[in-house]
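Given next are the chains, with one letter for each unit.
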Amino acid sequence: MTRDQIFEFFRRLAETDPAPETELEYGNPYQLLVAVTLSAQATDVGVNKATRALFAKVETPQQMLDLGEDGLKDHIKTIGLFNSKAKNVIAMARLLVDEHGGEVPQTREELVTLPGVGRKTANVVLNCAFGQETFAVDTHIFRVGNRTGLAKGKTPEAVEAKLEKRVPTPFRLHAHHWLILHGRYVCKARTPECWRCDLVDLCSFRKKVLEPPRSRQKSQGLEASTKESGT
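Residues numbered from 1 in each chain as written. Predicted model: local features only at pLDDT ≥ 70, side-chain atom pairs only at ≥ 80, totals over all residues. Heavy atoms only, no water.

Look at glutamine 41: it is not a glycine, yet its phi comes out positive at around 55 degrees. Inspection of the secondary structure puts glutamine 41 in the loop between α2 (29–38) and α3 (44–57). (Helix = DSSP H or I, 4+ residues; strand = E, 2+ residues; numbered from the N terminus.)

Below you can see the structure in the form of structure tokens.
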């Protein structure tokens, strides 16, 4: 994509959804940190179902420690890998209490030292909780970046680096939310819904799906019946 195309790409996303937000439910930075940690290899919907009751009881790292690992497991047992996630969340709470005064750090360097927190999780927290211009590259953003030509890279880190260089200033704060939502609901993994995509003319994806699956099936069926009838 050219610089002008990239600007138009985000301008259209911003016009459709001026203030996108994460679909994870949380009440403060600590709850967001926990929710993002739990969301690895899980859906936001599934995490929200588990954390509603949890966050009604737990708002701080100390309260998480008071709940304990077994108590936490009872709340998150519907989430994949809940045993290892519970250990990380408890260890994270201990480190926050002991070394950060119970507060969530506001730098990536500090966040990634917490158990269960990688670069993507740190970027989400920095962006959503503290309003920093970061790009949390998940599977959706990795796919959209490569598929559209916006930010091609063989690794999430490479895609993130491209986004850092290419996303225009007016759109940097919300860029990763727009890309996640676009990948989740329009530019889907198996069948991208190009027929209803506002960005289709800017996208470099060669195998665009310009008709809904049912429409294509009907068209193919009509062609087959026409050939059989000899008309």
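From this point, things continue past the structure.
Our focus in this paragraph is α3. With 14 residues, α3 should cover 20 Å at 1.5 Å per step; its first-to-last C-alpha distance of 20 Å lies within 8% of that length. Maximum bend of α3: about 40 degrees, positioned at threonine 51. Listed as buried for α3 are Asp44, Val47, Asn48, Ala50, Thr51, Leu54 and Phe55. In this fold, the buried residues of α3 make contact with α2, α4 (61–76) and α10 (175–185). (Expected span 1.5 Å × (residues − 1). Bend = angle between axes of the 7 residues up to and from the residue. Buried < 20%, exposed > 50% of the residue type's maximum accessible area, 1.4 Å probe, protein only. Contact = heavy atoms within 4.5 Å.)

This paragraph deals with helix α5 (residues 82–100). If you check α5, its first and last C-alpha atoms are 25 Å apart, about what 19 residues at 1.5 Å a residue would give, namely 27 Å. Among all positions of α5, only Lys85, Ala86, Val89, Ile90, Met92, Ala93, Leu96 and His100 are buried. Each buried residue of α5 sits inside an arc of 155 degrees when the element is viewed along its axis, so together they form one side. For α5, the exposed residues set more than 90 degrees away from the buried face come down to Lys87, Asp98 and Glu99. Packed against the buried residues of α5 are α2, α4 and α6 (108–111). (Arc of directions from axis to C-beta.)

Our focus in this paragraph is the nonpolar core. In this structure, Tyr30, Leu33, Met64, Leu72 and Leu111 are the most contacted members of the largest nonpolar core, which totals 34 residues. Those elements giving two or more residues to this core turn out to be α2, α3, α4, α5 and α7 (119–130). With 7 residues, the single largest contributor to this core is α2. With residues up to four places along the chain from it excluded, the contact list for methionine 64 reads Tyr30, Val34, Leu54, Val58, Leu72, Val89, Ile90 and Ala93. (Core = buried A, V, L, I, M, F, W, Y, C linked by side-chain atoms within 4.5 Å.)

With that settled, consider the packing of aromatic side chains. Tallying each qualifying case throughout the model produces 5 aromatic pairs. Taken together, a centroid distance of 6.1 Å and an interplanar angle of 20 degrees make the contact between phenylalanine 10 and phenylalanine 171 stacked. Here phenylalanine 10 is found in helix α1 (residues 3–16), whereas its partner phenylalanine 171 is found in the loop between α9 (156–166) and α10, with 161 residues between them in sequence. With respect to burial, phenylalanine 10 and phenylalanine 171 carry one shared label: buried. Judged by centre distance (6.2 Å) and plane angle (65 degrees), the rings of phenylalanine 171 and tryptophan 178 are edge-to-face. Neither residue differs from the other here; phenylalanine 171 and tryptophan 178 are each classed as buried. Three or more aromatic residues link up through ring pairs in this structure, and these residues are Phe7, Phe9, Phe10, Phe171 and Trp178. Positioned above the aromatic ring of phenylalanine 205 is the side chain of arginine 147, whose terminal nitrogen or guanidinium carbon lies 5.0 Å from the ring centre. (Phe/Tyr/Trp six-rings, centres within 6.5 Å; stacked < 30°, edge-to-face > 60°. Lys NZ or Arg CZ within 6 Å of the ring centre and 35° of its normal.)

Another aspect to go through is the packing of α1 against α10. Direction vectors running N to C along α1 and α10 enclose 80 degrees, while the axes themselves pass 11 Å from each other. If you check the angle between α1 and α10, you find them roughly perpendicular. Counted together, Phe9, Phe10, Leu13 and Ala14 of α1 and Ala175, Trp178, Leu179 and His182 of α10 form the full contact between these two elements. When its residues are assigned to classes, the contact of α1 with α10 shows 7 nonpolar, 1 polar and no charged. (Axes fitted to C-alpha atoms, helices over the stretch in contact; angles between N-to-C directions. Parallel < 35°, antiparallel > 145°, perpendicular 65-115°, else oblique. Nonpolar A, V, L, I, M, F, W, Y, C, P; charged D, E, K, R; others polar.)

Another point: the state of the cysteines. The final tally for this structure, using the stated rule, is 0 disulfides. For cysteine 203, which is in no disulfide, the shortest distance to another cysteine sulfur is to cysteine 187 and amounts to 6.2 Å. Judged by relative accessible area, cysteine 203 falls into the buried class, the value being 17%. (Disulfide = S-S within 2.5 Å.)

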